[in-house]
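Single-letter residue listing:
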Amino acid sequence: MMILNDKKLVNLIKYTPSIVVGFFAITVNIIIIKDNQDKAYESIKSLREDIIETNKNAVKQSTNKASNYILYKKKMLIDELKILSQQRVNEAYAIATNIYNNNQNKPKTTVTKLITDALRPIRFYEGRGYFFIFQMDGINVLHGLKPDLEGSSAWDAQDLRGSYILREHINLIKQQNGEAFYHWWYQKPGEALKKEYEKIGFGKYFAPYDWFIGTGEYISDIENDLKISLLKSVIDFEHSENENLFIIDDQGNLLANESKDNHLAFLSNSNSTITEKIATKALLEGNFITLSDTPLNKNDNDRTEIAYIRRIKDWNWSVGSYFNSSNVNNYITIKQQETNSLNQKKLTNIIILSAFSTLFMVGSSLIVSNLIARRFHRFQQRIEHNIHALEASKSKLHHMALHDALTGLSNRILLLEKIYEAIESANIRHQQVAIVFIDIDDFKKVNDCHGHSAGDELLKAISEKFKHAFESKDTISRFGGDEFVFCFPELNNLNEAYLKVAQIQQLFDEKFIVNGREIMTQCSIGVSMYPSDDSQPEGLIRKADIVLYKSKAELKGSAAFYNYQLNEQIQYKYLLEEELRRALDNEEIFLLYQPQIDTKTQQLIAVEALARWEHPKLGSISPDDFICIAEEIGIIKEIGLFVFRQACTDILSVSPAGKNAINVSINISPKQLMSPDFIDLITQATDEIGIDRHRITLEITENVMLNELEKTYDILTELKKRSFCISLDDFGTGYSSLSYLNMLPFDEVKIDRCFVNNITISKQSKALIKSILAISDAYGMITVAEGVEKKEQLTMLHSLGCNLIQGYYFDKPLTLSTLHNTYLKQ
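Residues numbered from 1 in each chain as written. Predicted model: local features only at pLDDT ≥ 70, side-chain atom pairs only at ≥ 80, totals over all residues. Heavy atoms only, no water.

### A few points about a negative patch on the surface
Line of reasoning, step 1. There is a patch of like negative charges on the surface, built from Glu42, Glu49, Asp50 and Glu53.
Line of reasoning, step 2. Judged by its relative accessible area of 48%, Glu49 is partly exposed. (Patch = residues over 30% accessible without salt bridge, like charges linked within 9 Å, V, L, I, M, F, W, Y side chains within 5 Å. Areas by Shrake-Rupley, 256 points an atom, 1.4 Å probe, with all protein chains shown as cover. Salt bridge = Lys/Arg side-chain N within 4 Å of Asp/Glu carboxyl O. Lys, Arg positive; Asp, Glu negative; His and termini not counted. Charge placed at Lys NZ, Arg CZ, Asp CG, Glu CD. Buried < 20%, exposed > 50% of the residue type's maximum accessible area, 1.4 Å probe, protein only.)

Structural data, given as structure tokens:
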């Protein structure tokens, strides 16, 4: 019995593994076959959805790309028209100047004819543009379109709105340093006289003959030119083979259409049902619609097309792109056949492999195989676990080394790698690369108002928008603080870079939600291009940063592209900064003095000290330039103290203390005034020099009071206690000058030259100056008028009661020796 039982046990051990393995193999095969079929079905279903969605995204992207380009060109229309007008007039001005310089020995009439003969035949703006020349009193010298008007006066010419066209343009030219843009309404040649169209032009003063040279163009004509150009260019935008771009108007007229296959393009002017449907359903923000066309016979496929349409505001255009879904069905059928064939091959391989495995396992000892398998399995698990842990740690360290910890964006190291790759690809494909450097405007205010944690959350929110807005080939990097750098590779032209920049700016049109708060912000943008601007990643980043600095300084929220002239301007400013630091030590800064004359006695009462900088190589540098730079680099305090001490020393040397001693006015920078030791320094200087403080008038401008009125009040009050006189410079040009007179202890107000210039010709300027004088008299203040250049201005200011005047009518700013010899020498 024991032997039998042992034999059964041996047989059981001998055959049981085979039975178990066979059953297991059959079960596994059934499961695999069923799972393979299910996956094939789901794969085909998912493939169709993915292809439809991919095509929808593609037509949407193509439509948005074309629409954004049209909107950008439309937005830039007026600026481009102004630039073209200015360039044309500058060319005409150069021609006139050259003719005048080469013929100065000839009579004016001869030179005038040479100039008009040279400019008369010139045409531009598709033959519509021409030049005109007017004397500053309104006499027509040249009219390129209507020569019969030459010699007549257009001074009283008005448009249908009652505006004096020529007078207004001439006044603008006078007010804006000899050149100005102008908008006016005028009839078009060949159109009804009662119908006028808006024009934009540019005029430039020609001093030798008291002319101005100008030109202009109708905005509607330039807009029509732009539309024609866009219809030709937009339809050729790059898109996939299955897409078709089109442009229609609100009446359903097909303006432009692109098709690679006639049977896909049932959009045509003859098919008005579809075009009118598209025109009525187009929205500004864009939307999808489905277009269907009935087949001609049963053998034809249904032509169902999915389109994405976007309306162009004001132009009554709709831009769209569409694809044929029947192509998707054909593609799916082919893929399904391929999948079934592949599954059949896989199934055959699985069955063969299963049979071989079964025979192999049956022939092996169950106990030995199990021991080996289990031990190997344990070893394998340990090895895989260690490898996976090592790979995970390595991947994490690698990611940390190349990405920003806060936002998860690429850091500088990865950015440089991506730029190198983009440059190599661009060299091979003859493409361009755009490096876009952006800075979040007023980010410090977010930290100050909401805390640094809110600032971090804002950076995260901005980064998330960036991640979802651009393609995977584009690189977005947090460069440091609130700065980001984009690398846009594979660009075919500069317009694509403009579109990328516009896309970034659009992301800031909406508010960001940070810790439950809505925060509105914007960014300033600088762009450099490979290969035109630099060939190295570091150089491209540096130049994008340079142009960003310029863009942010001129107008926050704007974008600027790098160019050679801009670089020269910035390099020149850097040069001035470096040279200015050494200017005092090199004795390059000196003072001039402009007399201030009593209107009653016409005697010298005081002078205004004016700082000048004469560089041995750069020449004379305007105070408007170097004073601003001194404030930016933090040396205005040293320059201001030098000017103060030198002015006091000079005036005391030529006009000692006494009954007729003259006073001196000294301009004080806002930063200089607000420095903690300002009062003590100038007090100490006057004590050392020995000049009476009541002879010193400190001139300050209104902008010093805009943000720190209380502190300004305390400082000015203390200066008054120490016997200094205080003057409000450029009175009337700010927003709150009158309220400051009531709150702050001023002794003097200075009337800005912009009012004095027009006092004899403008009733408003005369009335304003009269009001200023009345207010000053009521407060017991001295009034000083700047920029007096004509006797008529002096006479009127005297009659109105102005105390002192200064300007070129008496003298320009003088050296100390000239001042002494002219006014003070006994």
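### Looking at the sheet that holds strand S3 (residues 179–186)
Line of reasoning, step 1. Pairing is antiparallel across the open sheet formed by five strands, whose spatial order is S2-S1-S5-S4-S3. A single partner strand is all that each edge strand has here, and the edge strands are strand S2 (140–143) and S3. Neighbour to neighbour, the strand axes of the sheet diverge by 25° on average, direction disregarded.
Line of reasoning, step 2. Here strand S1 (residues 132–135) pairs with S2 via three bridges, running antiparallel. Within S2, the residue paired with Phe132 across the bridge is His143.
Line of reasoning, step 3. The strands touched by helix H3 (residues 108–119) are S1, S2, strand S4 (197–206) and strand S5 (211–218); relative to S2, the strand with the most contacts, the crossing angle is about 25°.
Line of reasoning, step 4. Across the sheet, helix H4 (residues 165–175) lies against S1, S3, S4 and S5, angled at about 165° from S3, the strand it touches most. (Pairing = 2+ DSSP bridges. Helix = DSSP H or I, 4+ residues; strand = E, 2+ residues; numbered from the N terminus. Axes fitted to C-alpha atoms, helices over the stretch in contact; angles between N-to-C directions. Contact = heavy atoms within 4.5 Å.)

### With respect to helix H2 (residues 77–102)
Line of reasoning, step 1. Helix length check: H2 (26 residues) gives 38 Å between terminal C-alpha atoms against 38 Å at 1.5 Å per residue, within 8%.
Line of reasoning, step 2. Residues of H2 that are buried: Leu77, Leu81, Ser85, Val89, Ala92, Ala96 and Ile99. (Expected span 1.5 Å × (residues − 1).)

### Some details on the packing of aromatic side chains
Each aromatic ring pair is summarised here by two numbers: the centre-to-centre distance and the angle between the ring planes.
Line of reasoning, step 1. In this structure the tally under the stated criterion is 26 aromatic pairs.
Line of reasoning, step 2. For the pair Phe181 and Phe202, a centre-to-centre distance of 4.8 Å together with 55° between the ring planes defines the contact as tilted. In this pair, Phe181 sits in strand S3 while Phe202 sits in strand S4, placing the two residues 21 residues apart along the sequence.
Line of reasoning, step 3. For Phe181, a relative accessible area of 28% corresponds to the partly exposed category.
Line of reasoning, step 4. The exposure class assigned to Phe202 is buried, which follows from its relative accessible area of 1%.
Line of reasoning, step 5. Centre to centre, the rings of Phe466 and Phe486 are 4.8 Å apart; their planes meet at 75°, and the pair counts as edge-to-face. Taken together, the positions of Phe466 in helix H11 (residues 452–469) and Phe486 in strand S13 (residues 483–491) put the pair 20 residues apart, joining distant regions of the chain. (Phe/Tyr/Trp six-rings, centres within 6.5 Å; stacked < 30°, edge-to-face > 60°.)

### Some details on the nonpolar core
Line of reasoning, step 1. Core analysis: the biggest nonpolar cluster contains 71 residues, and Leu580, Ile666, Leu698, Leu719 and Phe746 have the highest contact counts within it.
Line of reasoning, step 2. When residues of this core are assigned to their parent elements, the largest contribution, nine residues, is made by helix H16 (residues 636–654).
Line of reasoning, step 3. With 36 residues, the next largest nonpolar core counts Ile70, Leu119, Ile133 and Leu226 among its residues. (Core = buried A, V, L, I, M, F, W, Y, C linked by side-chain atoms within 4.5 Å.)

### Quick notes on the sheet that holds strand S17 (residues 559–561)
Line of reasoning, step 1. The five strands lie next to each other as S12-S13-S11-S16-S17, forming an open sheet whose pairing is mixed. At either end of the open sheet lies a strand with only one pairing partner, and these are strand S12 (475–480) and S17. Along the sheet, successive strands turn relative to each other by an average axial angle of 20°, direction set aside.
Line of reasoning, step 2. Bridging between strand S11 (residues 432–440) and strand S16 (residues 523–530) involves eight bridges; their strand directions are antiparallel. Of the residues in S16, the one forming a bridge with Val436 is Val527.
Line of reasoning, step 3. Its contacts with the sheet put helix H9 (residues 412–429) on S11, S12, S13 and S16, and the angle it makes with S13 is roughly 20°.
Line of reasoning, step 4. Across the sheet, helix H13 (residues 537–554) is in contact with S11, S12, S16 and S17; its angle to S16 comes to roughly 145°.

### Remarks on H4
Line of reasoning, step 1. Every buried residue of H4 is accounted for by Ile165, Leu166, His169, Ile170 and Ile173. Each buried residue of H4 lies within a common arc of 120° when the element is viewed along its axis, so the set occupies one face. Pointing more than 90 degrees away from the buried face of H4 are the exposed residues Lys174 and Gln175.
Line of reasoning, step 2. Residues of H4 that are buried sit in contact with S1, S3, S4 and S5.
Line of reasoning, step 3. The first or second residue beyond H4 is Asn177, which carries a positive phi of 60°. (Arc of directions from axis to C-beta.)

### So, the confidence of the model for the protein chain
Line of reasoning, step 1. Considering every residue of the protein chain, the mean pLDDT works out to 82; 82% of them sit at 70 or more.
Line of reasoning, step 2. Counted against residues more than four places away or in other chains, residues 260–266, with its pLDDT under 50, gives 24 contacts.
Line of reasoning, step 3. Within the model, the stretch residues 294–301 combines pLDDT values under 50 with five contacts to residues more than four positions away or in other chains. (pLDDT = per-residue confidence, 0-100.)

### A short note on the pattern of salt bridges
Side-chain pairs of opposite charge can arise whenever the charged atoms involved come near each other.
Line of reasoning, step 1. For the structure on display, the rule yields 28 salt bridges.
Line of reasoning, step 2. Among the salt bridges present, the one from Asp534 reaches Lys543, with a minimum N-O distance of 3.3 Å. In this structure, Asp534 and Lys543 share a single accessibility class: buried.
Line of reasoning, step 3. Between Arg693 and Asp687 there is a salt bridge, and its shortest N-O distance comes to 2.8 Å.
Line of reasoning, step 4. Residue class for Asp687 comes out exposed when judged on its relative accessible area of 52%.

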